[in-house]
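Observations on the three-dimensional arrangement
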Amino acid sequence: MHALFDEAGKFLAGRILSEAESSAQIELDSGKRVKVKTANILLRFDKPAPAELLAGARALAAEIELPLAWEFAPEDEFGFAELAREYFSAAAPPMEQAAMLLALFEAPHYFRRAGKGRFKKASAEVVQQALAAIEKKRQLQEQIDAWAGELVAGRCPQPVLDQLYRILFKPDKNAPEYKAVVEASRAAQLAPLALLSRAGAIQSSYQFHWQRFLFDFFPRGTGFAPLAAPEPPQELPLADVQAFSIDDSATTEIDDALSLTGLGSGTVRLGIHIAAPGLAIEPGGELDRVARTRLSTVYMPGHKITMLPHEVVQRYTLDEGRANPAVSLYVSIDEATLAITGHETLLERVPVSVNLRHDQLDHIVTEDWLAHPEIQIENTPQALSDLREQLSFLHRLARQLKLQREEVRGKPETFSRPDYSFRLHGVAGDEPDGSERVEISTRRRGAPLDLIVAEAAIVANSTWGELLADYGVPGIYRSQASLAPGVKVRMSTRALPHAGIGVKSYAWATSPLRRYVDLVNQWQVIACARHGKTAALAAPFKPKDAELFAIISSFEGTYSAYNAYQSSMERLWTLKYLQQNAIAELDATVIRDANAGGLLLRADTLPLVLPALGPDSLTRGARVRVRLGEIDEISLDVHGTVLARLDDPLDASDDGPVDDDEGEGEAVAGPIAIAVDVQEGDGAPAAPAAPASA
């Protein structure tokens with residue numbers, strides 16, 4: 001005797017070896033013996049053999065006309081054997097009964113399961129709806145198959161093209177366009193990115209990276225909802241200074257300006273004036289919610305996404321010819337010794353006489369020009385000439401402040417590599433489209449104007465950090481326990497030392513138009529300026545406020561991602577620069593040898609780090625000539641091959657720079673996260689991480 005039984009929704013058949021009251025021992029064709037509950041045995045038969053019965057039943061089940069079976073089925077609950085006798089004949093043999101069981105089980109749109117081997121037919125309305133859904137699904141699958149076929153053939157269907165970036169970065173995995181890409185990837189044995197590139201879907205590498213960034217951080221676009229820019233407070237006193245700012249020509253969010261009075265009197269008063277949107281933007285208000293959502297301005301070559309609406313920026317930026325609200329730190333300095341003897345913080349309106357642009361003035365404002373008044377340079381702007389004495393004093397002060405910080409650090413700051421500036425020519429609208437010609441220029445780190453601004457910012461951020469701590473007002477600080485390898489800069493609400501800068505505490509507060517933590521700290525500093533020792537009661541954020549920890553958490557991740565995107569765009573435009581100028585070879589410095597994880601080079605005159613093939617004998621600092629391989633603008637990848645060594649292996653004096661205070665800066669590409677999930681794997685190398693910043 002044989003039996004057909006149900007094993008967890010799977011039908012099996014075998015020979016009954018023994019049978020008890022509630023179970024039976026059954027031997028399958030494989031020889032395996034199983035214990036089956038009596039309730040799960042649906043059909044007993046003598047012949048044919050179990051394997052033959054199942055094979056024949058499956059073939060016969062495919063021929064059963066389900067609409068006809070549904071017509072024959074009784075209205076009440078019934079067993080499969082009953083319907084088999086109605087459909088086939090009154091003496092339906094075991095194979096026909098088994099065929100009906102399989103057919104009923106696999107047609108839930110016609111027959112609802114009511115128990116082991118028992119069913120109840122669906123209503124006519126349910127059947128009609130189910131059949132319509134099945135037909136729709138069939139047609140959809142045909143469409144998916146057709147799209148997949150086109151992709152495999154190297155053509156991208158328009159519906160897939162319309163959903164391209166959503167498919168790649170934030171897909172609906174039930175969408176037919178996504179399923180077509182997955183099917184085609186499997187069929188072509190290509191990663192989705194490679195498949196779509198081959199099919200011509202990705203026509204702009206710039207748009208690929210741009211849309212990827214927008215999907216992650218600006219899914220609703222980069223525009224602002226209509227918001228009224230709050231009027232600056234008019235009751236603030238007017239400062240008796242003439243301030244000036246130092247930025248590059250592309251800067252529109254002018255956060256900081258400087259003033260200097262008292263030269264020649266023995267005590268000089270340095271004013272560090274910071275734009276004060278915190279005087280008008282209310283914590284918890286609409287503009288605050290916008291700023292807290294964005295957390296920072298996003299920078300990239302040829303474009304930026306501001307943290308605050310343009311109208312707000314224009315109202316509070318420290319433009320020349322205006323007197324806008326500012327939080328001013330006035331530092332008293334002994335003119336002879338350059339020692340800081342005191343400070344005070346005021347809320348006021350600060351007249352700005354001129355906005356200096358360092359990219360237009362660096363060739364004039366040199367160490368020699370500042371140190372020797374007799375040096376005259378043709379075409380020096382009058383505004384710069386008028387500020388020459390002040391700039392000379394500020395440069396001497398900045399150098400002194402830097403030396404003092406280096407004593408605390410225990411070693412000097414070294415900047416042996418230049419800064420790189422990107423300029424795009426031919427931008428047609430508000431943002432690039434990737435077809436522009438790129439110009440990359442260099443600028444020496446630590447140039448006089450840079451040094452003046454940097455040291456003034458450090459004075460303000462460290463002084464206000466200590467002020468908050470002295471008044472018991474919480475703030476957001478950046479700290480670094482030591483300069484030991486692996487000890488990173490971290491953010492917290494505690495005023496801890498920053499070993500990398502060489503100060504007791506450091507609170508970002510000098511860029512409130514561009515960074516949200518600076519705006520938060522400005523609110524706290526304003527409370528100190530207004531209320532003094534009772535500021536802790538009036539400040540928007542109280543000690544141990546959970547909101548501050550939430551802000552730190554969201555800011556760190558977002559700010560790092562923004563910097564990574566900026567770095568990836570700079571790498572993209574660097575690769576385009578190589579192509580536009582047909583650069584096939586360049587000079588580079590080894591920054592990681594082959595024994596440390598693979599040879600890694602940094603170009604000497606471009607912001608480019610790349611892996612390379614070369615001799616194992618090359619060590620860090622070795623200078624080489626390298627031939628570039630194929631450039632992939634999607635993966636941001638380029639490899640090199642070392643052609644020759646340019647320095648003397650036995651003479652370390654001609655080695656290239658490898659140990660900057662800012663670390664290696666640009667990184668080699670790593671994986672891009674592509675959301676299309678294919679079993680064979682997908683993805684591609686990604687953008688480099690952004691350089692670390694104090």
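Coordinates for the structure precede this section.
We now turn to the structure provided with this report. In this text, all values refer to a predicted model and were calculated from it rather than measured experimentally.

Counting its secondary structure elements, the protein chain contains 20 helices and 26 strands. Taking 2.2 N^0.38 as the reference for a compact globule, 694 residues should give roughly 26 Å; the C-alpha atoms of the protein chain span a radius of gyration of 37 Å, well beyond that estimate. Across its three principal axes, the protein chain shows a C-alpha extent of roughly 120 × 65 × 50 Å. The 694 residues of the protein chain split such that 49% are buried. Taking the intrachain contacts of the protein chain between residues at least 6 apart in sequence as the baseline, contacts between residues at least 24 apart amount to 65%. Of the accessible surface of the protein chain, which amounts to about 32,600 Å², a share of 50% is contributed by carbon and sulfur atoms. Across the protein chain, 70 positive and 95 negative side-chain charges occur, with their mean positions spaced 6 Å apart.

We now examine the side chain of Thr558. The residue Thr558 is located in helix H20 (residues 546-580) in this model. Look past the residues within four positions of Thr558 in its chain and what remains in contact with it is Arg294 and Leu295.

Attention now moves to the layout of surface pockets. Here the second largest pocket is characterised by a volume of approximately 490 Å³. As for the second largest pocket, its lining consists of 19 residues, of which Ile340, Ser462, Thr463, Glu466 and Val503 are closest to the centre. At the level of secondary structure, the elements contributing two or more residues to the lining of the second largest pocket comprise strand S15 (340-357), helix H16 (388-409) and helix H17 (448-470). It is H17 that provides the largest number of residues to the lining of the second largest pocket, a total of eight residues. Of the residues in the lining of the second largest pocket, the class split is nine nonpolar, five polar and five charged.

Inspection of every chain in the model, using the stated rule, returns 28 salt bridges. The salt bridge partner of Arg33 is Glu27, with a shortest N-O separation of 3.8 Å. Across the salt bridge formed by Arg315 and Glu231, the nearest N and O atoms sit 3.0 Å from each other. In this pair, Arg315 sits in helix H12 (residues 310-316) while Glu231 sits in the loop between helix H10 (205-217) and strand S9 (243-247), placing the two residues 84 residues apart along the sequence. Here the salt bridges do not stand alone but share partners, grouping Arg15, Glu27 and Arg33 into one network.

A word on H10. Across its 13 residues, H10 extends 19 Å between first and last C-alpha, which sits within 8% of the 18 Å expected from 1.5 Å per residue. Regarding H10, the residues found buried are Ser205, Tyr206, Phe208, His209, Trp210, Phe213, Leu214 and Phe215.

About the criteria used
- Residues numbered from 1 in each chain as written.
- Predicted model: local features only at pLDDT ≥ 70, side-chain atom pairs only at ≥ 80, totals over all residues.
- Heavy atoms only, no water.
- Helix = DSSP H or I, 4+ residues; strand = E, 2+ residues; numbered from the N terminus.
- Rg over C-alpha atoms; globule rule 2.2 N^0.38 Å.
- Buried < 20%, exposed > 50% of the residue type's maximum accessible area, 1.4 Å probe, protein only.
- Contact = heavy atoms within 4.5 Å.
- Areas by Shrake-Rupley, 256 points an atom, 1.4 Å probe, with all protein chains shown as cover.
- Lys, Arg positive; Asp, Glu negative; His and termini not counted.
- Charge placed at Lys NZ, Arg CZ, Asp CG, Glu CD.
- 1 Å grid on protein atoms, 1.4 Å probe; cavity = no way out; pocket = protein on both sides within 12 Å on 5 of 7 lines; lining within 4 Å.
- Points joined across faces, edges and corners; volume = space filled by probe spheres on them.
- Nonpolar A, V, L, I, M, F, W, Y, C, P; charged D, E, K, R; others polar.
- Salt bridge = Lys/Arg side-chain N within 4 Å of Asp/Glu carboxyl O.
- Expected span 1.5 Å × (residues − 1).

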